Amino acid sequence: GLLEKWLPENTLADRRGWEWAYLRSLLNQEIGTLQGHGGPVLAVDWNGDGSKLASASEDKTVRIWSPEGRVLHSLVGHQRRVVSLDWSPAGPLLASASHDGTVRVWDGDRGETVAEMRLAGPADAVCWRSTGEQLATLSFEKIDAERSSSFVAIWSAGDWKRKMVLGPLDGR
């Protein structure tokens, strides 16, 4: 940490006064703990203006929090763990990816589902384009009985139709 370089060497007497402990405690303060998920949190993301924090959990839910730690919305709809989140840069939309093979788009102001896209395998990541006009999803899908690979799909915001698929992305 910031003050670690001032630690005395093992051979020297520790001559630090109370100030050291006080300053160290200020640097290592816990602001608070967000409580509400029923399982480990797997992803977090702030919205563009910092007024909302979203969290995704193994408990199959997404929660939207105020900066003060109050739950604004508990978003239910995924059937398996939620592993990725991304706020749209163009408004209140929040995308979530789940290992149930779905990507959901939520209205972060109202706490409602706007769209649900079904993939052929577990969804591992979501990412909005900087304009907010498209959403990219990453999934792991079976190619045939013996092979699986990653695929990236590009979805159009608004009609939520898949515009392009890149893959298989198996390094070959």
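Bear in mind that the values here come from a model prediction, so they are computed numbers and not experimental data.

## Section: the overall build of the protein
- Assigned secondary structure in the protein consists of one helix and twelve strands.
- Order of helices (α) and strands (β) in the protein, N terminus to C terminus: α-β-β-β-β-β-β-β-β-β-β-β-β.
- Within the protein, the fraction of its 172 residues that count as buried is 37%.
- Put simply, 29% of the contacts in the protein that link residues at least 6 apart link residues at least 24 apart.
- Counting every atom, the protein has about 10600 Å² of accessible surface; 51% of that belongs to carbon and sulfur.

## A few points about the side chain of His37
- Of note, His37 is situated in the loop between helix 1 (18-27) and strand 1 (41-46).
- On the basis of relative accessibility, which here comes to 18%, the residue His37 falls in the buried class.
- Among the polar contacts listed, one links the side chain of His37 to the side chain of Asp59, at a separation of 3.2 Å.
- Side-chain polar atoms of His37 contact the side chain of Thr61, separated by 3.2 Å.
- Leave out the neighbours within four places in its chain, and His37 touches Ser55, Ala56, Ser57, Asp59, Thr61, Val62, Arg63 and Trp65.

Conventions and cut-offs
- Residues numbered from 1 in each chain as written.
- Predicted model: local features only at pLDDT ≥ 70, side-chain atom pairs only at ≥ 80, totals over all residues.
- Heavy atoms only, no water.
- Helix = DSSP H or I, 4+ residues; strand = E, 2+ residues; numbered from the N terminus.
- Buried < 20%, exposed > 50% of the residue type's maximum accessible area, 1.4 Å probe, protein only.
- Contact = heavy atoms within 4.5 Å.
- Areas by Shrake-Rupley, 256 points an atom, 1.4 Å probe, with all protein chains shown as cover.
- Polar contact = N/O pair within 3.5 Å; in protein donor to acceptor, adjacent residues only side chain to side chain.

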